[in-house]
Amino acid sequence: LLASPTKCLVCGESCNHAQVLTTSHLRNAYESYFRVDCPENTVPENITLVKCNQCELEFCLEPKVPVDFYPWVVELPGYYPTDRPEWDLLLAEFASAGRHVNVLEVGCGSGVFLKKMAEIQNVMACGIDTSESAIRQCKQQHLNAVATDLGTYLKAPPTNFPKKFDFIVGSHVL
């Protein structure tokens, strides 16, 4: 059971406990998926998943993630996808806009989708990500990306980004 009532991130309704992903389960899943051994003290502690009673969104409560986790996992081959089904739909939307569009990608990672957007003539693509190593990969590709979180970005946007965006996109960032 949940220690205190949890509200849905989307609709604000109450949530129920769905399951706990144990540290052992997470370690096995990472090792199986990436075919590597997880360094000690790298895997997040038990993660509690909850499910909204109204909209059925499933999300995890703030996990205790070791400081070394993200720098380790983002360097693994296959962590960042090279393609996603929804990307083609979004790219077509941007290309057919008939005007210049500014797009912000929240959680741009190594810049795979950011690069695809930047290749469209009428698109100004900008990205933010919390991973310094991911942003280094973006910079190596000459992409307009900054290492920051969304809260910090909203308080002090980079001066090389547009003041307004026509589209804001993000995948796997909740």
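Look up a bit, the structure's there.
Residues numbered from 1 in each chain as written. Predicted model: local features only at pLDDT ≥ 70, side-chain atom pairs only at ≥ 80, totals over all residues. Heavy atoms only, no water.

**Some remarks on the pairing of strand E5 (residues 123–129)**
Two faces, one strand: in a regular strand the side chains alternate between the faces of the sheet.
Argument step 1. Within E5, six of the seven residues are buried, which leaves it mostly tucked inside the rest of the structure.
Argument step 2. Of the crossover connections in this fold, the one passing from strand E4 (residues 101–106) over helix H4 (residues 112–118) to the parallel E5 is right-handed.
Argument step 3. Pairing of E5 with strand E6 (residues 144–147) involves four bridges; the strand directions are parallel. Across the sheet, residue glycine 127 finds its bridge partner in E6, namely alanine 145.
Argument step 4. Handedness of the crossover is the feature at issue here: the chain leaves E5, passes through helix H5 (residues 132–140), returns alongside E6, and the resulting connection is right-handed. (Buried < 20%, exposed > 50% of the residue type's maximum accessible area, 1.4 Å probe, protein only. Helix = DSSP H or I, 4+ residues; strand = E, 2+ residues; numbered from the N terminus. Right-handed = clockwise from strand over helix to strand, strands pointing away. Pairing = 2+ DSSP bridges.)

**As for the environment of cysteine 138**
Argument step 1. Inspection of the secondary structure assignment puts cysteine 138 in helix H5.
Argument step 2. With 11 residues separating them in the primary sequence, cysteine 138 and glycine 127 have C-alpha atoms 8.8 Å apart.
Argument step 3. Ignoring sequence-local partners within four residues, the contact set of cysteine 138 consists of Cys108, Gly109, Ser110, Gly111, Leu114, Leu143 and Ala145. (Contact = heavy atoms within 4.5 Å.)

**What about the sheet that holds strand E3 (residues 58–60)?**
Argument step 1. The strand order E1-E2-E3 describes an open sheet built from three strands, whose pairing is antiparallel. The open sheet terminates on both sides in strands that have one partner only, identified here as strand E1 (15–21) and E3. Across the sheet, the axes of successive neighbouring strands diverge by a mean angle of 30°, strand direction being ignored.
Argument step 2. Bridge analysis of strand E2 (residues 47–52) against E3 gives three bridges, and the strand direction is antiparallel. When the bridges of E3 are listed, leucine 49 appears paired with cysteine 60. (Axes fitted to C-alpha atoms, helices over the stretch in contact; angles between N-to-C directions.)

**Quick look at helix H3 (residues 85–95)**
Argument step 1. Of the positions making up H3, those classed as buried are Trp87, Leu91 and Phe94. With its buried residues spanning 65° around the axis, H3 presents them on a single face. With respect to the buried face of H3, the exposed residues turned more than 90 degrees away are Pro85, Asp88 and Leu89.
Argument step 2. Elements that come into contact with the buried residues of H3 comprise E4, H4, E5 and strand E7 (167–169). (Arc of directions from axis to C-beta.)

**A few points about the packing of aromatic side chains**
Argument step 1. Throughout the structure, instances matching the rule amount to 12 aromatic pairs.
Argument step 2. Here the aromatic rings of phenylalanine 161 and phenylalanine 165 are separated by 6.4 Å at their centres, their planes lie at 90°, and the arrangement is edge-to-face. Of the two residues, phenylalanine 161 and phenylalanine 165, both sit in the buried class.
Argument step 3. Members of the aromatic cluster, connected to one another through ring pairs, are Tyr30, Tyr33, Phe34, Phe69, Tyr70, Trp72, Tyr79 and Tyr80. (Phe/Tyr/Trp six-rings, centres within 6.5 Å; stacked < 30°, edge-to-face > 60°.)

**With respect to the nonpolar core**
Argument step 1. Ranked by size, the top nonpolar core spans 17 residues in total, and within it Phe94, Val103, Phe113, Leu114, Met117, Val123 and Cys138 carry the most contacts.
Argument step 2. For this core, the secondary structure elements donating two or more residues are H3, E4, H4, E5 and H5.
Argument step 3. Once residues lying within four places of it in the same chain are set aside, the contact partners of valine 103 are Phe94, Met117, Val123, Met124, Ala125, Cys126, Phe165, Phe167 and Val169.
Argument step 4. Grouped together as the second largest cluster of nonpolar side chains are 15 residues, Leu21, Leu26, Val43 and Tyr80 included. (Core = buried A, V, L, I, M, F, W, Y, C linked by side-chain atoms within 4.5 Å.)

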